[in-house]
Amino acid sequence: MASLITCPHCGARPKEEFSVRGAAMPARPSPMAKDEAWHAYVYIRDNPKGRYQEYWHHAAGCRRWLVVDRDNLTHDVFGVTDAADFVQARGIE
Amino acid sequence: MSINLLHRHVLEDYISGFETDPNPNHVAVSRRPVIFSVLAHRGQETAVAEALGSAHGVVLRFCSPSEWLLVSRTAGPATVAGILSDIAGASFADQSDGRVLMTISGPSVRNILGKCVAVDLHPEVFAEDYSANMLFCHVAANVARSGPDTFEIIVPRSLAGSAFEELLEMGREHALTRGFSD
Ligand SMILES: [Zn+2]
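Residues numbered from 1 in each chain as written. Chains lettered and ligands numbered in written order. Predicted model: local features only at pLDDT ≥ 70, side-chain atom pairs only at ≥ 80, totals over all residues. Heavy atoms only, no water.

Engineer: Got a sec to walk through the overall build of chain B? Specific residues and values, please.
Structural biologist: Along its length, chain B carries five helices and 10 strands. For 182 residues, the compact-globule estimate of 2.2 N^0.38 gives 16 Å, and chain B sits close to it at 17 Å. With the C-alpha coordinates aligned to their principal axes, the bounding extent of chain B is approximately 60 × 35 × 25 Å. Taken over 182 residues, chain B has a buried fraction of 45%. Taking the intrachain contacts of chain B between residues at least 6 apart in sequence as the baseline, contacts between residues at least 24 apart amount to 66%. When the accessible surface of chain B is summed, it comes to about 9,300 Å², and 53% of that surface belongs to carbon and sulfur atoms. Computed over 13 positive and 21 negative side-chain charges, the separation of the two mean positions in chain B equals 3 Å. (Helix = DSSP H or I, 4+ residues; strand = E, 2+ residues; numbered from the N terminus. Rg over C-alpha atoms; globule rule 2.2 N^0.38 Å. Buried < 20%, exposed > 50% of the residue type's maximum accessible area, 1.4 Å probe, protein only. Contact = heavy atoms within 4.5 Å. Areas by Shrake-Rupley, 256 points an atom, 1.4 Å probe, with all protein chains shown as cover. Lys, Arg positive; Asp, Glu negative; His and termini not counted. Charge placed at Lys NZ, Arg CZ, Asp CG, Glu CD.)

Engineer: Before we move on, could you go through helix H5 (residues 157–171) of chain B and cite the residues and values that matter?
Structural biologist: In a regular helix each residue adds 1.5 Å, so 15 residues correspond to 21 Å; H5(B) covers 21 Å between its end C-alpha atoms and thus fits that length. Every buried residue belonging to H5(B) is among Ala160(B), Ala163(B), Leu167(B), Leu168(B), Met170(B) and Gly171(B), and all of these are buried. (Expected span 1.5 Å × (residues − 1).)

Engineer: Describe the nonpolar core, with residues and values.
Structural biologist: Residue and element names in this part refer to chain B. Counting residues in hydrophobic clusters, the biggest one holds 28 residues, and the most contacted among them are Ile104, Leu113, Phe136, Ile153, Val155 and Leu167. Elements supplying a minimum of two residues to this core: strand S1 (26–29), strand S6 (99–105), helix H4 (109–113), strand S7 (131–136), strand S8 (139–147), strand S9 (150–156) and H5. In terms of residue count, the dominant contributor to this core is H5 (five residues). Other than its neighbours up to four places away in sequence, Leu167 contacts Val27, Met102, Ile104, Ile112, Leu113, Cys116, Phe136, Cys137 and Leu176. Counting 15 residues, the second-largest nonpolar core is a separate cluster that includes Val38, Leu52, Leu70 and Leu84. (Core = buried A, V, L, I, M, F, W, Y, C linked by side-chain atoms within 4.5 Å.)

Engineer: Tell me about the sheet that holds strand S6 (residues 77–82) of chain A, and name the residues and values.
Structural biologist: Residue and element names in this part refer to chain A. Spatially, the four strands line up as an open sheet ordered S3-S4-S5-S6, and their pairing is antiparallel. Both outer strands of the open sheet, strand S3 (19–23) and S6, are each paired with one neighbouring strand and no more. Averaged over all pairs of adjacent strands, the angle between their axes in this sheet comes to 30°, without regard to strand direction. Where helix H2 (residues 83–90) meets the sheet, it contacts strand S4 (51–57), strand S5 (65–71) and S6, and its direction lies at approximately 95° from that of S6. (Pairing = 2+ DSSP bridges. Axes fitted to C-alpha atoms, helices over the stretch in contact; angles between N-to-C directions.)

Engineer: Which residues make up the domain arrangement of chain B, and what are the values?
Structural biologist: All names here are of chain B. Parsing chain B into structural domains produces domain 1 (12–31 + 97–180) and domain 2 (34–96). Taken residue by residue, the interface counts 14 residues in domain 1 and 10 residues in domain 2. Across the interface of domain 1 and domain 2, roughly 1,100 Å² is buried in total on both sides, 45% from carbon and sulfur atoms. Area buried by domain 1 at its contact with domain 2 is led by Arg99, Ser131 and Ile154, which between them contribute 40% of it. Counting across the domain 1 and domain 2 interface gives two salt bridges. The salt bridge involving Glu152 is made with Arg73; its shortest N-O contact spans 3.3 Å. At the junction of domain 1 and domain 2, the tally comes to 10 residue pairs in polar contact (both at pLDDT 80 or more). (Domains from an automatic or database assignment. Buried area = accessible area lost by both parts, 1.4 Å probe. Salt bridge = Lys/Arg side-chain N within 4 Å of Asp/Glu carboxyl O. Polar contact = N/O pair within 3.5 Å; in protein donor to acceptor, adjacent residues only side chain to side chain.)

Engineer: Please set out the layout of surface pockets residue by residue, giving values where relevant.
Structural biologist: Residue and element names in this part refer to chain B. Roughly 430 Å³ of internal volume is contained in the largest pocket. Taken together, 21 residues line the largest pocket, and the ones lying closest to its centre are Val29, Ser30, Arg31, Val100 and Phe180. Listed by contribution, the elements that provide at least two residues to the lining of the largest pocket are S6, H5 and strand S10 (177–180). Class assignment of the residues belonging to the lining of the largest pocket gives a composition of 10 nonpolar, five polar and six charged. Residues from two domains meet in the lining of the largest pocket; each of domain 1 (12–31 + 97–180) and domain 2 (34–96) gives at least three. (1 Å grid on protein atoms, 1.4 Å probe; cavity = no way out; pocket = protein on both sides within 12 Å on 5 of 7 lines; lining within 4 Å. Points joined across faces, edges and corners; volume = space filled by probe spheres on them. Nonpolar A, V, L, I, M, F, W, Y, C, P; charged D, E, K, R; others polar.)

Engineer: Could you give an account of the interface of chain A and chain B, naming the residues involved and the relevant values?
Structural biologist: Counting residues at the interface gives 10 residues for chain A and 13 residues for chain B. Together, the buried faces of chain A and chain B total about 970 Å²; carbon and sulfur atoms form 52% of this surface. Sorting the residues of chain A by area buried against chain B places Arg13(A), Ala60(A) and Arg63(A) first, and these three jointly supply 38% of that buried surface. Our count for the chain A to chain B interface comes out at one salt bridge. One salt bridge connects Glu67(B) with Arg63(A), and the closest N-O pair in it is separated by 2.7 Å. Taken together, the connections running from chain A to chain B amount to five residue pairs in polar contact (both at pLDDT 80 or more).

Structure, rendered in structure tokens:
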């Protein structure tokens, strides 16, 4: 796993300061969506090898949710954004 | 350095009592600091940060883009609460009983803290008056540089004992002493 993550608010930090909370790309269904949509969102996930966007919580730092764009094979980190900016850029609430 | 711990027995402190006379490297714990936690409402971050920055008698510690700690050794909690209630778009809570404030200073301070945090504390990166939340001796803490060789560390009360003990252990080779500041 990438051992240094550059938080947009705190700078370069060791991975021990973060907790990882899974894939960021699946879009959360609306509250009234069908059970099938929620089942797919909660249980059916890809397990990709390579480039991957993931939610990281900077638990011991700014306590913001971040999206880390990284390669889980080579450990390269391509970018880290605040999750609020990530969601806004994607155009969903 | 006035006391060289190389010639001091490892159990000296436990048999003869702890050394509290400050050495060049010293940790001072404040007995009654006033510490408030402040959160800015959505969209008010810049306005609140500006208002907090111009408040008198208090120092501002950065936690996140919308969260700060307001620290004072001189003003009382009522005064600080008064300052904060005048700021629009901010919520605050008195954390004085929930946090512990330690000040570490001395010529070896960066060598000691280098074993406590995984953040670059070089003055060109972590300049004077700079502050941030970081893992300090396995505890989520706020660390600030208040002088060239002086740092202020704020830890949660329940974890203060653990962080303090580990800090002393890291400072032992530099003859780090400890005491209350007031
Ligand atoms: Zn952060």
